[in-house]
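# Summary of the model geometry
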Amino acid sequence: MRRMTRREFHRMTMMSAIAAAGAEALGHARSLSQLMAIQRIDGSRLTARLAALSAFGRNPQGGVSRVAYSDADKAARATVMDWMRDATLEPSIDFAANIIGRRAGSSASLPPLLFGSHIDSVPEGGNFDGDVGSVAAIEVARWLAEQRVTTRHPLEVTIWSNEEGGIIGSRAVSGQLATAELANVSSSGKTIADGIRFLGGDPSRLAAVKRAKGSIAGYFELHIEQGGILDTAGIKVGIVEGIVGIRQWDVTIEGFANHAGTTPMNQRHDAMLAAARFIEMVNRVVTSEPGRQVGTVGRLQAWPGAPNVIPGKVICSLELRDLDDAKVARLFDRIKTEAVAIGALNQTTFSYTPLHENVAAPSDPRMRGIIADAAKALGLSTRVMPSGAGHDAQALAQLGPMGMIFIPSVGGISHAPKEFSNAADIVNGANVLLGAVLAADRAI
Ligand SMILES: [Zn+2]
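Being a predicted model, the structure only gives us computed values, none of them experimental.

Turning to the overall build of the chain, a few remarks are in order. Helix and strand counts for the chain stand at 13 helices and 16 strands. A compact globule built from 444 residues should have a C-alpha radius of gyration of about 22 Å, and the chain, at 25 Å, falls within 12% of that. Oriented by its inertia axes, the alpha-carbon framework of the chain measures out at about 90 × 60 × 45 Å. A buried classification covers 52% of the 444 residues belonging to the chain.

Here we take up the pattern of salt bridges. Summed over the entire model, instances satisfying the criterion amount to 23 salt bridges. Between Arg-142 and Glu-146 there is a salt bridge, with the nearest N and O atoms lying 2.8 Å from each other. Within this pair, Arg-142 and its partner Glu-146 are both found in helix α5 (residues 131-146), separated by 4 residues, close to a single helical turn. Each member of the salt-bridge network shares a partner with another, and the members are Arg-45, Arg-49, Asp-86, Glu-139, Arg-142 and Glu-146.

Those residues of helix α3 (residues 43-53) that fall on the buried side of the exposure criterion are Gly-43, Arg-45, Leu-46, Arg-49, Leu-50 and Leu-53. Burial along α3 is one-sided: seen end-on, the buried residues are contained in an arc of 165°. Where α3 is buried, its residues meet α4 (71-86), α5 and α13 (423-443).

Evaluated as defined, the whole model comprises 5 aromatic pairs. Ring centres of Phe-128 and Phe-420 lie 5.5 Å apart, and the angle between their planes is 80°; this geometry places the pair in the edge-to-face category. With Phe-128 in the loop between β3 (113-117) and α5 and Phe-420 in the loop between β16 (402-407) and α13, the pair connects residues that are 292 residues apart, well separated along the chain. Given a relative accessible area of 12%, Phe-128 falls into the buried group. Members of the aromatic cluster, connected to one another through ring pairs, are Trp-249, Phe-332 and Tyr-352.

Moving on, we come to helix α11 (residues 365-377). Residues spaced three or four apart along an α-helix point in a common direction, a consequence of the helix completing one turn every 3.6 residues. Between its first and last C-alpha atoms α11 spans 18 Å; for 13 residues at 1.5 Å apiece the expected length is 18 Å, and the two agree. Every buried residue belonging to α11 is among Met-367, Ile-370, Ile-371, Ala-372, Asp-373, Ala-374, Ala-375 and Ala-377, and all of these are buried. Capping of α11 at its N-terminal end is provided by Asp-364; its side-chain oxygen lies 2.9 Å from the backbone amide nitrogen of Arg-366. Phi turns positive one or two residues past the end of α11, at Gly-379, with a value near 75°.

Looking now at the side chain of Thr-263. With respect to the secondary-structure elements, Thr-263 resides in the loop between β8 (258-259) and α9 (271-286). For Thr-263, the side chain forms a polar contact with the main-chain oxygen of His-259, separated by 2.7 Å. Residues contacting Thr-263, with those up to four places away along its chain left out, are Asn-258, Arg-268 and Ile-310.

Cis geometry is adopted by the peptide bond preceding Pro-304, which originates at Trp-303 and carries an omega value of 0°. Unusually for a residue other than glycine, Thr-88 sits at a positive phi of about 55°. By the secondary structure assignment, Thr-88 is in the loop between α4 and β1 (90-93).

Membership of the largest hydrophobic core comes to 57 residues, with the highest contact counts inside it found for Phe-115, Phe-220, Val-432 and Leu-433. Per-element tally for this core: the top contributor is α13, with 11 residues. The residues contacting Phe-220, other than those within four sequence positions of it, are Leu-114, Phe-115, Gly-116, Met-367, Ile-370, Ile-371, Gly-403, Leu-433, Ala-436, Val-437 and Ala-440. Core analysis: the next-biggest nonpolar cluster, separate from the first, contains 34 residues, Ala-96, Ile-196, Ile-216 and Phe-406 among them.

Packing of α11 against α13 leaves a shortest axis separation of 8 Å and a crossing angle of 130°. Relative to α13, the element α11 lies oblique. With respect to the hand of their crossing, α11 and α13 are arranged in right-handed fashion. Listed contacts from α13 to Ile-370, Ile-371, Ala-374 and Ala-375 of α11 are Val-432, Gly-435, Ala-436, Ala-439, Ala-440 and Ala-443.

Our focus in this paragraph is the packing of α3 against α13. At their nearest, the axes of α3 and α13 sit 10 Å apart, and the two run at 115° to each other. Considering their axes alone, α3 and α13 lie roughly perpendicular with respect to each other. As for the relative orientation of α3 and α13, their crossing is right-handed in sense. Here α3 contributes Gly-43, Leu-46, Thr-47 and Leu-50 to the contact with α13, which in turn contributes Ala-423, Ile-426, Val-427 and Ala-430. Across the contact of α3 with α13, the residue classes break down as 6 nonpolar, 2 polar and no charged.

Let us now look at the side chain of Ser-117. Among the secondary structure elements, Ser-117 is positioned in strand β3. Within the structure, the side chain of Ser-117 is placed 2.8 Å from the side chain of Glu-221, a separation counted as a polar contact. The contact partners of Ser-117, leaving out residues within four places of it in the chain, are Gly-130, Gly-133, Ser-134, Thr-158, Ile-159, Trp-160, Tyr-219, Glu-221, Leu-222, His-223 and Asp-392.

Turning our attention to the environment of Thr-353. Its location among the elements puts Thr-353 in strand β13 (residues 349-358). Judged by its relative accessible area of 42%, Thr-353 is partly exposed. Not counting residues within four places of it along the chain, the set of residues in contact with Thr-353 comprises Gln-248, Trp-249 and Asp-250.

On the surface, a cluster of nonpolar side chains totalling about 210 Å² of accessible area is made up of Met-272, Ile-279 and Leu-300. Inspection of the secondary structure assignment puts Leu-300 in strand β10 (residues 300-303).

Right, let's get into the environment of Gly-369. Relative to the helices and strands, Gly-369 resides in helix α11. Taking relative accessible area as the criterion, Gly-369 reaches 30% and is therefore assigned partly exposed. Between the alpha carbons of Gly-369 and Ala-436 there is a distance of 9.3 Å; along the sequence they are 67 residues apart.

Basis of the calculations
- Counting of residues starts from 1 at the beginning of each chain's written sequence and follows it residue by residue.
- Local features are withheld for residues below a pLDDT of 70 in this predicted model, meaning they are given only at 70 or higher, and side-chain atom pairs are given and counted only at 80 or more; totals for whole chains, interfaces and linings count all residues.
- In computing side-chain properties, one takes all heavy atoms of the structure into account and sets aside hydrogens as well as water.
- Helix and strand assignments come from DSSP, with helices taken as H or I runs of at least 4 residues and strands as E runs of at least 2, each series counted from the N terminus.
- For the radius of gyration, the atoms used are the C-alpha atoms, and the globule rule reads 2.2 Å times the number of residues raised to 0.38.
- Whether a residue is buried, partly exposed or exposed follows from its accessible area with a 1.4 Å probe, protein chains only, as a fraction of its type maximum: under 20%, in between, or over 50%, in that order.
- Only one rule defines a salt bridge in this text: a Lys or Arg side-chain nitrogen within 4 Å of an Asp or Glu carboxyl oxygen.
- This arc describes the spread of directions from the helix axis toward the C-beta atoms.
- For this analysis, residues touch if any pair of their heavy atoms sits within 4.5 Å.
- Ring pairs are drawn from Phe, Tyr and Trp, using the six-membered ring of Trp, whenever the two centres fall within 6.5 Å, and their geometry is named by plane angle: stacked under 30 degrees, edge-to-face over 60, tilted for the rest.
- Here a helix's expected span is defined as the number of its residues, less one, multiplied by 1.5 Å.
- We call two N or O atoms a polar contact when they sit within 3.5 Å, provided that within protein one can donate a hydrogen and the other can accept it, with sequence-adjacent residues counted only if both atoms are side-chain atoms.
- In this text, buried Ala, Val, Leu, Ile, Met, Phe, Trp, Tyr and Cys residues form a nonpolar core when linked through side-chain atoms within 4.5 Å.
- Orientation is described by lines fitted to C-alpha atoms, with helices fitted over the stretch in contact, and by angles between N-to-C directions that extend from 0 to 180 degrees.
- Roughly parallel here means an angle under 35 degrees, roughly antiparallel means over 145, roughly perpendicular means 65 to 115, and every remaining angle is called oblique.
- Each crossing gets its hand from how the near helix is turned against the far one by less than a right angle, where anticlockwise is left-handed and clockwise is right-handed.
- Only Asp, Glu, Lys and Arg are considered charged in this grouping, and only Ala, Val, Leu, Ile, Met, Phe, Trp, Tyr, Cys and Pro are considered nonpolar; every other residue, Gly among them, is considered polar.
- To count toward a patch, a residue needs a relative accessible area above 30% and no salt bridge. Like charges then connect within 9 Å, nonpolar side chains (Val, Leu, Ile, Met, Phe, Trp, Tyr) within 5 Å.
- Note on areas: Shrake-Rupley, 1.4 Å probe, and residue coverage restricted to the protein chains presented here.

And the structure:
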């Protein structure tokens, strides 16, 4: 007997999941090629709907400004809910203004399997960020309806509200949204509370949308990469390792302001000089160990800020990112220790005020394996990679196993009108999502 190649083995694994899922509708076994043929969403409808969605908030220079809570957002959401009904999903708007399209499973006792994305954009954004994963998720549901496949798990197609303004809707569901944030003014000009109300939610009842850890079977999100790694390497599918954790601080460096002409060089407590040494040291510490961690000093201000005065005070930012929160904490400790030594050189002091913290959200190894198998069954090349950008998936990772699928962004451009992904890559991504949903329904 001839040994199966690795690729054939993956195809077999995927086919058995598809065969089992489709068996109810088919009633008899089908050949491998027939099963491959049915495991395909309607690519032309998917791309036509992406084009239709791009009309909501379209800009004359190309791309869209469909910021969350705007009229364009509201109108696009109504259309997306129609598409959900067309796919026999039962859409509803939760208190956080997320759109949830439900589909019953054969086992009511199992927790739901979720997949989706968002349709709000940044101001002057593109037509693919969020839209690809949202429209593809609805197409997956439509495929299940057309093939009369009943999954074991109940399914929920989720269109999260206000992703671009700080993953608001998904963090309400994960319980990470602070009440104080509701008063923040969003890009639409409305506060988040008013925006949620505008879309049909109820900000006073957000506690009711919070879900418990373990209450979902899993979450998949298909998304454009928004960077150029896949496009440059010619790889079709990115399997997201996780979404990096981000920590930011304001660093205050105190010295002593004095006359720049009369104070000798060896008697200065120059906060700017200490800041320069600090910036160099951050770069050295962050690059001193292997890994993909990054560290940035992106903003700096000096006081009093005159050419003829030695700076007495500097405030600069410090940002560290990595998939491993413990590594970020360790790097920050080293930076603080080395800063004390820098301060001792000219009697300056360093203090740190936390600005922002976003915990790292690793994807689930089983979900990564399922995505890899789904891509291999379709003959698509893959690469495991981190996500440097934030996504709703990081909130969902708090509740259950999360898996994210990336497709190439041409030229690595995103959050801009020139954001683009090829139709073939979008359809591939949707088919990987379909394969992953079917396989996860069997496996988890
Ligand atoms: Zn997005």
